[in-house]
Amino acid sequence: MVDKIEFLEVVLPSSYYEVIAGGKVKKIERNRLLVVPTFTVNNTQLSPNQLSEGTFKTLALVFYILTDVSALLLIEEPEVCVHHGLLSSIISLIETQSKKKQIVMSTHSDFVLDHLDPENLLLVKWLPEKGTLATPLKKSMSKNDYEALRVYLKESGNLGEYWKEGGFENG
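The present account deals with the structure reproduced in this document. (Residues numbered from 1 in each chain as written. Predicted model: local features only at pLDDT ≥ 70, side-chain atom pairs only at ≥ 80, totals over all residues. Heavy atoms only, no water.)

Below, the discussion takes up the sheet that holds strand 2 (residues 24-41). Sheet strands associate in pairs through backbone hydrogen bonding, adopting either a parallel or an antiparallel arrangement. An order of 1-2-3 is seen for the three strands of this open sheet, with the pairing classed as antiparallel. This sheet does not close on itself; its edge strands, each paired only once, are strand 1 (4-20) and strand 3 (44-46). Averaged over all pairs of adjacent strands, the angle between strand axes in this sheet comes to 25 degrees, irrespective of strand direction. The pairing of strand 2 with strand 3 spans three bridges and is classified as antiparallel. Its bridge partner being in strand 3, Phe 39 is matched across the sheet by Leu 46. (Pairing = 2+ DSSP bridges. Helix = DSSP H or I, 4+ residues; strand = E, 2+ residues; numbered from the N terminus. Axes fitted to C-alpha atoms, helices over the stretch in contact; angles between N-to-C directions.)

Two elements in contact, helix 1 (residues 53-67) and helix 2 (residues 84-97), have axes whose closest approach is 10 Å; the angle formed by their N-to-C orientations is 15 degrees. Taken together, helix 1 and helix 2 sit at an angle that is classed as roughly parallel. Of the two elements, helix 1 crosses helix 2, and the hand of that crossing is left-handed. Along the contact surface, helix 1 presents Thr 58, Leu 61, Val 62, Ile 65 and Leu 66, while helix 2 presents Leu 86, Ile 90, Leu 93, Ile 94 and Gln 97. (Parallel < 35°, antiparallel > 145°, perpendicular 65-115°, else oblique. Left-handed = near helix turned anticlockwise from the far one by under 90°. Contact = heavy atoms within 4.5 Å.)

Bridging between strand 4 (residues 72-76) and strand 5 (residues 102-106) involves five bridges; their strand directions are parallel. From the neighbouring strand, Glu 76 faces strand 5, where its bridge partner is Ser 106. A crossover links strand 4 with its parallel partner strand 5, the connecting element being helix 2, and its sense is right-handed. (Right-handed = clockwise from strand over helix to strand, strands pointing away.)

Counted by the stated rule, this structure contains four aromatic pairs. Judged by centre distance (6.2 Å) and plane angle (45 degrees), the ring pair of Tyr 152 and Tyr 162 falls under tilted. Of this pair, Tyr 152 sits in helix 5 (residues 143-155) while Tyr 162 sits in helix 6 (residues 159-164), and the two are 10 residues apart along the sequence. Take Tyr 162: its relative accessible area is 18%, and that puts it in the buried class. An aromatic cluster is defined as three or more aromatic residues linked by ring pairs; in this entry it consists of Phe 7, Phe 63 and Tyr 64. (Phe/Tyr/Trp six-rings, centres within 6.5 Å; stacked < 30°, edge-to-face > 60°. Buried < 20%, exposed > 50% of the residue type's maximum accessible area, 1.4 Å probe, protein only.)

Structurally, Val 69 can be placed in the loop between helix 1 and strand 4. In this structure Val 69 comes out as exposed when scored by relative accessible area, which is 80%. Sequence separation between Val 69 and Gly 54 is 15 residues, and the spatial gap between their C-alpha atoms is 24 Å.

For the rest of this paragraph, the subject is the pairing of strand 6 (residues 122-127). Here six bridges tie strand 6 to strand 7 (residues 131-136), and the two strands are oriented antiparallel to one another. Residue Trp 126 lies in a different strand from strand 7, and its bridge partner there is Thr 132. In this structure, the hairpin formed by strand 6 and strand 7 is closed by a connection of three residues.

So, in structure tokens, the structure goes:
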């Protein structure tokens with residue numbers, strides 16, 4: 001797909017003015033760093049706007065999963081614009097990196113759910129009287145229903161099917 005990714009760092013000087021005590025105006029100058037990626041595909045150098053949306057999203061997702069140094073990474077719908085053939089690899093990469101940092105991911109994909117462990121799921125819903133609630137799947141179900149889900153997953157089904165059939169509706 002992509003042979004090489006390079007990052008050009010461009011220093012951009014900027015300034016702004018601040019009013020300080022006594023009505024004096026102070027000029028603040030600083031440099032900002034702009035990082036511009038370039039991609040080499042079949043010996044042709046391309047900018048991000050020359051890549052397909054799916055290729056760009058996949059590369060951006062992999063880049064952030066691997067390079068983000070914060071303790072928490074939020075990923076919204078990794079399945080959007082990413083080829084299903086690559087999505088399994090990205091989910092595996094997220095799982096590996098989640099051992100180093102907290103990764104929170106939202107999804108509307110049965111395919112993504114099929115790759116997740118029920119112990120790692122939170123059901124999120126909005127209630128007019130309480131606002132947004134995020135509840136672990138295990139706590140949103142009775143003990144018997146949760147155990148039945150575990151048996152179902154072990155013997156015959158998957159989370160995506162369970163979700164599509166309305167299995168999370170009562171939680």
